[in-house]
Amino acid sequence: MTYNRRSFVVVAVVFCLMCFFADCSPAAQSGGSSRRALLIVDVQNCFTGNGSLSVSGGEEVIPVINRIREKHAEQFGVVAVTQDWHCVDHVSFASQHLRHRDPYDVVNLTYLLPTGQLCRSDDLQKNYTVACSPTPDSKTSLVRQVLWPDHCIENTQGAELHSRLHVNATDIVIKKGNACHIDSYSAFTDIGNFRETELKEKLRSRSVDSVFLVGLALDYCVFYTAKDAKRLGFKTYVVLDATASVASGTEEEAKREMTQLGISLVNSSQLEEIFASRGTRSVPSFIIRHFVLLSIFSAWHY
C-alpha cells in the first residue's frame, strides 16, 4: 500500500473546487430555501378597506402575497407576520396630545438616554411619561413622530390580520409598537432604537440570510423594516407589487433611499428567476461525497 502525496493534493484541490461550485452546507444542499424568509408586514384590518388608517390599494396586495406564499412555498424556510399592536392611548395617536394635534402633524418627542423613557411635556401628560429635569449629566434624544389617527388598538378587530391573508400555525408572529410611549415602524426595533423585537434573533437562530418583504405600508413599516434588515446584514428584497403606500411623495423617497442602500426592489414576477439564479451552484451532496471518497481511495492505493 503506497501513499501518493501528489495525488492526495490533487484530490484536495478538486474537493475545494467542488465546494466552490456547490456550497457543501446543509442549507445549500436543500437549495438554499431554508435560509430565506418571507416577511409579511402589517396586513391588518386597520390598514385596509374601511380601517381607521386605511392604505389605498391595501386590500389589492393580499392576493399577490397569497400567490407568493403558494407558488414559492418551498423557497422560504421561514415566514414571519407582523402586527401593529398599540395601547388605547398610544403616543403616536394625534388624539392623545393636548394641543389639539391633527392626524399627520409631526412633533418632536424627547426621550431620556439610555433608558428610552419619554419626557413629560405640556402637550403630553400620560402616566407613561416621566419628569425630565435638565442636569449636566442628563442626556436626551429628540425623536420625530408623525401623529396618526387611532389605529390597530391591541385586542380589537382593527388590529387583527386581514381575514383573506393566508397564515399558517408555523408562522412567526411579531407584535410591534406595543410600548405605549414609543412608536415602531420597523419589525426589528422602535423608532428611537431603544428596544429590539425578537425578530432578529428568531431569523438568525434559523440561519436566515435573505429576507423578502411584502405588506403595508411601503413608505413606512415596510421601508423601515427593509432598512433595518439591510443594516443587520440580511440580503434584502422588497416585492413592490405586494406592497402599497400611504402617499406617493413618501413612496418615491422610500424607493430612492432603499435603492441607494442596496436593497433590491423587485416584482413578484421576478422571484422565480431570483430563486433560480441563487441555486445554480447547487450540486447534490451525495455526488460530492461519492466523488471525494472514490478519489481518496484511488490516491491512497495508486
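Owing to the predicted nature of the structure, the values given are computational and were not obtained by experimental measurement. (Residues numbered from 1 in each chain as written. Predicted model: local features only at pLDDT ≥ 70, side-chain atom pairs only at ≥ 80, totals over all residues. Heavy atoms only, no water.)

### Considering the packing of aromatic side chains
For any pair of aromatic rings, the description rests on two quantities: the centre-to-centre distance and the angle between the ring planes. Enumeration according to the criterion identifies eleven aromatic pairs in this entry. Residues Tyr111 and Phe194 carry aromatic rings whose centres are separated by 5.4 Å and whose planes lie at 45° to one another, so their mutual orientation is tilted. With Tyr111 in strand β3 (residues 106–113) and Phe194 in the loop between β7 (172–176) and α4 (199–205), this residue pair connects regions lying 83 residues apart in the sequence. Under the relative-accessibility criterion, Tyr111 is labelled buried at 0%. Classification of Phe194 by relative accessible area gives partly exposed; the value is 24%. Put simply, the rings of Tyr104, Trp148, Tyr185, Tyr220, Phe223 and Tyr224 touch in pairs and so form one group of aromatic residues. (Phe/Tyr/Trp six-rings, centres within 6.5 Å; stacked < 30°, edge-to-face > 60°. Helix = DSSP H or I, 4+ residues; strand = E, 2+ residues; numbered from the N terminus. Buried < 20%, exposed > 50% of the residue type's maximum accessible area, 1.4 Å probe, protein only.)

### Examining the environment of Thr250
Take Thr250: it is sitting in helix α6 (residues 248–261). Thr250 sits in the partly exposed class, given a relative accessible area of 25%. Filtering out sequence-adjacent residues up to four positions away, Thr250 remains in contact with Asp219 and Tyr220. At 3.1 Å, the side chain of Thr250 and the backbone oxygen of Ala247 are in polar contact. (Contact = heavy atoms within 4.5 Å. Polar contact = N/O pair within 3.5 Å; in protein donor to acceptor, adjacent residues only side chain to side chain.)

### A short note on the state of the cysteines
Enumeration over the complete set of coordinates arrives at three disulfides. The disulfide partner of Cys46 is Cys152, and the S-S distance across this bridge is 1.7 Å. Placement of Cys46 in the loop between β1 (36–41) and α3 (61–71) and of Cys152 in the loop between β6 (139–146) and β7 is noted, with a sequence separation of 106 residues between them. A relative accessible area of 2% places Cys152 in the buried class. One disulfide bridge connects Cys87 with Cys180, the sulfur atoms lying 2.2 Å from each other. In this pair, Cys87 sits in the loop between β2 (78–84) and β3 while Cys180 sits in the loop between β7 and α4, placing the two residues 93 residues apart along the sequence. (Disulfide = S-S within 2.5 Å.)

### Let's talk about the confidence of the model for the protein
Here the protein averages 86 in pLDDT, while 81% of its residues score no lower than 70. Between residues 19–31, whose pLDDT stays under 50, and residues either more than four places distant or in other chains, the model counts 23 contacts. This model gives residues 280–288 a pLDDT under 50, and the stretch forms 18 contacts once residues within four places in sequence are excluded. (pLDDT = per-residue confidence, 0-100.)

### Considering α6
Side chains three or four residues apart in an α-helix point the same way, a direct result of the helix having 3.6 residues per turn. Look at α6: 20 Å from first C-alpha to last across 14 residues, which is about the 20 Å you get at 1.5 Å a residue. Taken residue by residue, α6 has Glu251, Ala254 and Met258 as its buried positions. End-on, the buried residues of α6 take up no more than an arc of 65°, which puts them together on one face. For α6, the elements touching its buried residues are α5 (218–231), β9 (235–244) and β10 (264–266). Downstream of α6 by one or two residues, Gly262 has phi in the positive range, about 90°. (Expected span 1.5 Å × (residues − 1). Arc of directions from axis to C-beta.)

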